[in-house]
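# Coordinate analysis (summary)
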Amino acid sequence: MGTTPEPYRGQNADPNLRISDADRHKVADILREAAGEGRLEIDELDERLDATFKAKTYADLVPITVDLPSVGTPAPPVSLSKPATGSSAARYAADPVESQLYVAIMSGVDRRGVWTVPATGNVIALMGGAELDMRQAQFSAQETVIYANAIMGGVNITVGPDVQVVMQGVGIMGGYVGPRGIEPTGGPLLRVKGLALMGGVTVIRKSPKGPKGSKQLRMPPPHELH
């Protein structure tokens with residue numbers, strides 16, 4: 001039997017469940033990487049590592065990493081292409097946004113329609129939910145990084161069929177789920193990093209929404225016409 005708990009199962013998950021050594025080591029790796037990026041001082045790293053290895057339940061792990069936006073893990077390199085001309089070029093904003101913070105603490109965040117995706121986005125869903133629909137959005141850069149952290153909450157990201165997606169998150173009694181199938185090339189690249197602790201981060205790929213009122217009208221059969 002493996003030591004990693006079963007994935008998060010919605011509201012039935014109990015934060016008071018005991019954690020395994022594998023869970024402690026995952027959090028320790030997150031802390032060491034954060035220190036290497038300059039997010040934690042050495043004394044802070046020591047304190048949090050000590051708290052990690054003393055933790056007994058999943059609830060004990062929540063305050064240790066809740067303020068860390070980045071949880072990078074190794075991933076295969078992705079071939080980046082310059083934005084194509086024509087319709088693909090329209091995916092990039094004339095006035096790019098460098099960074100943006102989205103916070104859903106026991107609440108919700110919803111971005112959809114025409115908006116500008118920042119080059120770097122930080123999403124924190126603490127017992128709340130965040131919905132980012134990028135199908136009609138413009139991107140600020142060829143490569144976008146979203147740090148999505150879901151603590152007993154959820155982050156759902158929807159992208160168009162031309163967007164390349166790289167999932168680099170860590171799930172602890174939670175999950176990071178990306179789109180299935182062959183990745184497209186030549187479009188914007190979206191990297192999703194972070195921590196899903198008793199929560200979930202999901203990226204799905206869908207066709208762009210059509211304009212309102214664009215539904216096709218059904219013509220009645222000839223015998224119904226008068």
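Okay, so let's go over this structure. (Residues numbered from 1 in each chain as written. Predicted model: local features only at pLDDT ≥ 70, side-chain atom pairs only at ≥ 80, totals over all residues. Heavy atoms only, no water.)

## So, the overall build of the protein chain
Of the regular secondary structure elements, the protein chain holds 3 helices and 12 strands. In the protein chain, which comprises 226 residues, the proportion classed as buried is 41%. In the protein chain, the share of contacts with a sequence separation of at least 24, taken over all contacts with a separation of at least 6, comes to 69%. Surface accessibility of the protein chain: about 12600 Å² in total, with carbon and sulfur atoms responsible for 54%. (Helix = DSSP H or I, 4+ residues; strand = E, 2+ residues; numbered from the N terminus. Buried < 20%, exposed > 50% of the residue type's maximum accessible area, 1.4 Å probe, protein only. Contact = heavy atoms within 4.5 Å. Areas by Shrake-Rupley, 256 points an atom, 1.4 Å probe, with all protein chains shown as cover.)

## A word on the pattern of salt bridges
For the coordinates displayed, the defined rule picks out 10 salt bridges. The partner of arginine 32 in a salt bridge is aspartate 29, and the shortest N-O contact between them spans 3.4 Å. Taken together, the residues arginine 32 and aspartate 29, both in helix α1 (residues 21-36) and 3 residues apart, mark about one turn of the helix. When salt bridges with common partners are traced through the structure, they connect Asp110, Arg112, Asp133 and Arg135 into a single cluster. (Salt bridge = Lys/Arg side-chain N within 4 Å of Asp/Glu carboxyl O.)

## Quick notes on the nonpolar core
One finds Met134, Val155, Ile157, Val159, Leu190, Val192 and Val201 to be the most contacted residues of the largest nonpolar core, which totals 27 residues. Elements with a minimum of two residues in this core: β1 (99-105), β4 (120-126), β5 (129-133), β7 (143-151), β8 (154-159), β11 (189-197) and β12 (200-205). When residues no more than four places from it in sequence are discounted, the contact partners of valine 192 are Ile146, Ala148, Ile157, Val166, Met167, Gln168, Gly169, Tyr176, Val201 and Val203. Ranked by size, the runner-up nonpolar core spans 23 residues in total, among them Ala34, Leu45, Leu61 and Ile172. (Core = buried A, V, L, I, M, F, W, Y, C linked by side-chain atoms within 4.5 Å.)

## Here we look at unusual backbone geometry
Positive phi is not limited to glycine here, since methionine 106 has a value of about 55°. Structurally, methionine 106 is set in the loop between β1 and β2 (108-111). Here methionine 127, not a glycine, exhibits a phi torsion of approximately 55°, which is positive. Following the sequence through the fold, methionine 127 ends up in the loop between β4 and β5. The exposure class assigned to methionine 127 is partly exposed, which follows from its relative accessible area of 47%.

## Quick look at helix α3 (residues 58-65)
Because an α-helix packs 3.6 residues into every turn, residues spaced three or four apart end up facing the same way. Inspection of α3 places Tyr58, Leu61, Val62, Ile64 and Thr65 among the buried residues, and these make up the whole buried set. Buried residues along α3 sit in contact with α1, α2 (42-54), β7, β9 (164-172) and β11.

## Topic: the sheet that holds β11
Pairing in this open sheet of 5 strands is parallel, and the strands run β1-β4-β7-β11-β9 from one edge to the other. Unpaired on one side and paired on the other, β1 and β9 mark the two borders of the sheet. Neighbour to neighbour, the strand axes of the sheet diverge by 10° on average, direction disregarded. Bridge count for β9 against β11 is 9 bridges, and the pairing is parallel. Bridge pairing in β11 links valine 170 to leucine 195. Its contacts with the sheet place α1 against β9 and β11, and it is angled at close to 125° to β9. (Pairing = 2+ DSSP bridges. Axes fitted to C-alpha atoms, helices over the stretch in contact; angles between N-to-C directions.)

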